[in-house]
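Descriptive structure summary
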Amino acid sequence: MESSHRRGAMRGYLYVLPALAVYVVFAVLPALHTAYLSLFDWDGVTLGSWVGLDNYREVFRNPVLLRSLVNALALVVFFSFVPILTGLLTTALLSRYRRPGMGVYRVLFMLPQIVPLVAVGVTWRWLYGDDGLVNEALRAVGLDGITRAWLGDFGTALIAVGLVGTWVLSGLCTMLFLSGVHKVDPSLYEAARLDGAGPVREFVSVTLPQLRGELAIALTVTMVAALASFDIVYVTTNGGPGEQTTVPGLLVYRLAFSDGDVGLASALGVVLSCLILGLVYVVNRLSRSET
């Protein structure tokens with residue numbers, strides 16, 4: 001009996017082996033190689049020199065690199081928290097008051113996920129321009145005084161980029177939560193209504209606890225999107241004005257391919273990866289502790 005169980009386990013490992021091999025070759029080994037390169041001062045061409053942890057000290061001493069990490073954490077608010085709140089609100093309305101044509105709503109919600117992020121960035125750069133739709137709409141309602149080049153203003157650039165991320169990820173969160181609502185036992189809603197629960201109380205007491213798994217997934221995906229953001233920032237502002245919208249992903253690209261400082265770029269990439277893994281670990285631990 002034990003030998004047959006062992007053979008079954010070995011057969012299962014054989015099925016997993018191809019995917020594991022691909023993961024090791026294309027994910028684990030490059031990550032280890034990046035960590036190795038972070039210990040050198042290397043321009044990507046000539047022979048590198050060993051510097052140990054100096055690149056990591058530079059990451060935490062250099063104000064530009066530190067500012068990029070702060071900007072990435074600020075984008076978490078727009079890429080993660082706001083889309084999740086928007087998705088919960090939309091889910092509460094659509095699940096409570098069902099309307100015909102739900103398929104159309106789902107297509108509209110998922111549209112930002114289908115469109116390439118480069119195209120999204122180009123479109124929003126035009127919308128935020130001096131003669132873009134945002135400023136034209138403000139002028140149409142008599143708010144000419146607050147029009148500006150939103151992506152070129154030091155006070156609004158990071159917020160403007162963050163709102164693009166909000167638009168992109170709100171639909172994903174909504175779809176996750178809508179799919180989670182379908183698994184809720186209808187008898188729970190009936191019991192809540194018999195107890196006199198209104199729409200808000202029903203959502204908070206019944207729907208929200210049942211969406212704990214979907215909330216953890218949404219928080220993980222959106223936080224990773226915020227901290228590893230590159231496409232939208234590169235296309236819309238390229239990190240400007242000044243360093244207002246510079247993020248680690250953009251600096252890794254600049255350091256490695258423009259400045260020829262592969263070691264420092266690798267160190268920043270490792271720090272960013274550790275930050276992402278740490279936050280994801282915390283989210284997973286919290287979601288499991290509440291189940």
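The following paragraphs examine the structure supplied in this document. (Residues numbered from 1 in each chain as written. Predicted model: local features only at pLDDT ≥ 70, side-chain atom pairs only at ≥ 80, totals over all residues. Heavy atoms only, no water.)

**Description of the overall build of the chain**
A count of helices and strands for the chain gives 13 helices and 2 strands. For the chain, the spread of C-alpha atoms along the three principal axes comes to 80 × 75 × 30 Å. Split into buried and exposed, the 291 residues of the chain put 38% on the buried side. Summarising the internal contacts of the chain: among those between residues at least 6 apart in sequence, 67% fall at separations of at least 24. Looking at the chain as shown, the accessible area adds up to about 16,500 Å², and 68% of this sits on carbon and sulfur atoms. (Helix = DSSP H or I, 4+ residues; strand = E, 2+ residues; numbered from the N terminus. Buried < 20%, exposed > 50% of the residue type's maximum accessible area, 1.4 Å probe, protein only. Contact = heavy atoms within 4.5 Å. Areas by Shrake-Rupley, 256 points an atom, 1.4 Å probe, with all protein chains shown as cover.)

**Here we look at the nonpolar core**
In this structure, Leu 75, Phe 79, Trp 124, Tyr 128, Val 164 and Leu 227 are the most contacted members of the largest nonpolar core, which totals 31 residues. In terms of residues, this core owes the most to one element, helix α7 (residues 157–181), which gives 7 residues. (Core = buried A, V, L, I, M, F, W, Y, C linked by side-chain atoms within 4.5 Å.)

**Quick word on the packing of α7 against helix α10 (residues 212–227)**
Where α7 meets α10, the axes come as close as 9 Å, and the angle between the chain directions of the two elements is 165°. Between α7 and α10, the crossing angle belongs to the class labelled roughly antiparallel. Remark: the crossing between α7 and α10 carries right-handed chirality. The segment α7 lies against α10, with Leu 169, Leu 172, Cys 173, Leu 176, Phe 177 and Gly 180 engaging Glu 214, Leu 215, Ile 217, Ala 218, Val 221, Thr 222 and Ala 225. (Axes fitted to C-alpha atoms, helices over the stretch in contact; angles between N-to-C directions. Parallel < 35°, antiparallel > 145°, perpendicular 65-115°, else oblique. Left-handed = near helix turned anticlockwise from the far one by under 90°.)

**Some words on the packing of aromatic side chains**
Each aromatic ring pair is specified by the distance between its two centres and by the angle formed by the two planes. This model, assessed by the stated rule, comprises 8 aromatic pairs. Pairing Trp 124 with Tyr 128 gives two aromatic rings, centres 5.5 Å apart and planes at 45°, and the pair type is tilted. Taking relative accessible area as the criterion, Trp 124 reaches 16% and is therefore assigned buried. For Tyr 128, a relative accessible area of 7% translates into the label buried. Taken together, the ring pairs in this structure connect Phe 230, Tyr 234, Tyr 253 and Phe 257 into an aromatic cluster. The ring centre of Trp 150 lies 5.3 Å from the NZ or CZ of Arg 148, which sits over that ring. (Phe/Tyr/Trp six-rings, centres within 6.5 Å; stacked < 30°, edge-to-face > 60°. Lys NZ or Arg CZ within 6 Å of the ring centre and 35° of its normal.)

**Considering the environment of Lys 183**
If you trace the backbone, Lys 183 turns up in the loop between α7 and α8 (186–194). With relative accessibility at 52%, the residue Lys 183 sits in the exposed group. On a C-alpha basis, the gap between Lys 183 and Ser 258 in space is 50 Å, while along the polypeptide they are 75 residues apart.

**Remarks on the packing of helix α9 (residues 199–210) against α10**
Following both chains from N to C, one finds α9 and α10 inclined at 60°, their axes separated by 4 Å at the closest point. Here α9 lies oblique to α10, going by the angle between them. On α10, the residues touching Leu 208, Pro 209 and Gln 210 of α9 are Arg 212, Glu 214 and Leu 215. Tallied by class, residues from the contact of α9 with α10 come to 3 nonpolar, 1 polar and 2 charged. (Nonpolar A, V, L, I, M, F, W, Y, C, P; charged D, E, K, R; others polar.)

**Quick look at a nonpolar patch on the surface**
A cluster of nonpolar side chains, namely Leu 14, Tyr 15, Val 16, Leu 17, Leu 20, Val 22, Tyr 23, Val 24, Val 25, Phe 26, Leu 29 and Leu 32, defines an oily patch on the protein surface of about 1,300 Å² accessible area. Note that Leu 32 resides in helix α1 (residues 2–37). The exposure class assigned to Leu 32 is exposed, which follows from its relative accessible area of 56%. (Patch = residues over 30% accessible without salt bridge, like charges linked within 9 Å, V, L, I, M, F, W, Y side chains within 5 Å. Salt bridge = Lys/Arg side-chain N within 4 Å of Asp/Glu carboxyl O.)

**Focus on the pattern of salt bridges**
Counted by the stated rule, this structure contains 4 salt bridges. One salt bridge connects Asp 153 with Arg 148, and the closest N-O pair in it is separated by 3.7 Å. A residue is classified by how much of its surface remains accessible, and Arg 148, at 31% relative accessible area, is partly exposed.

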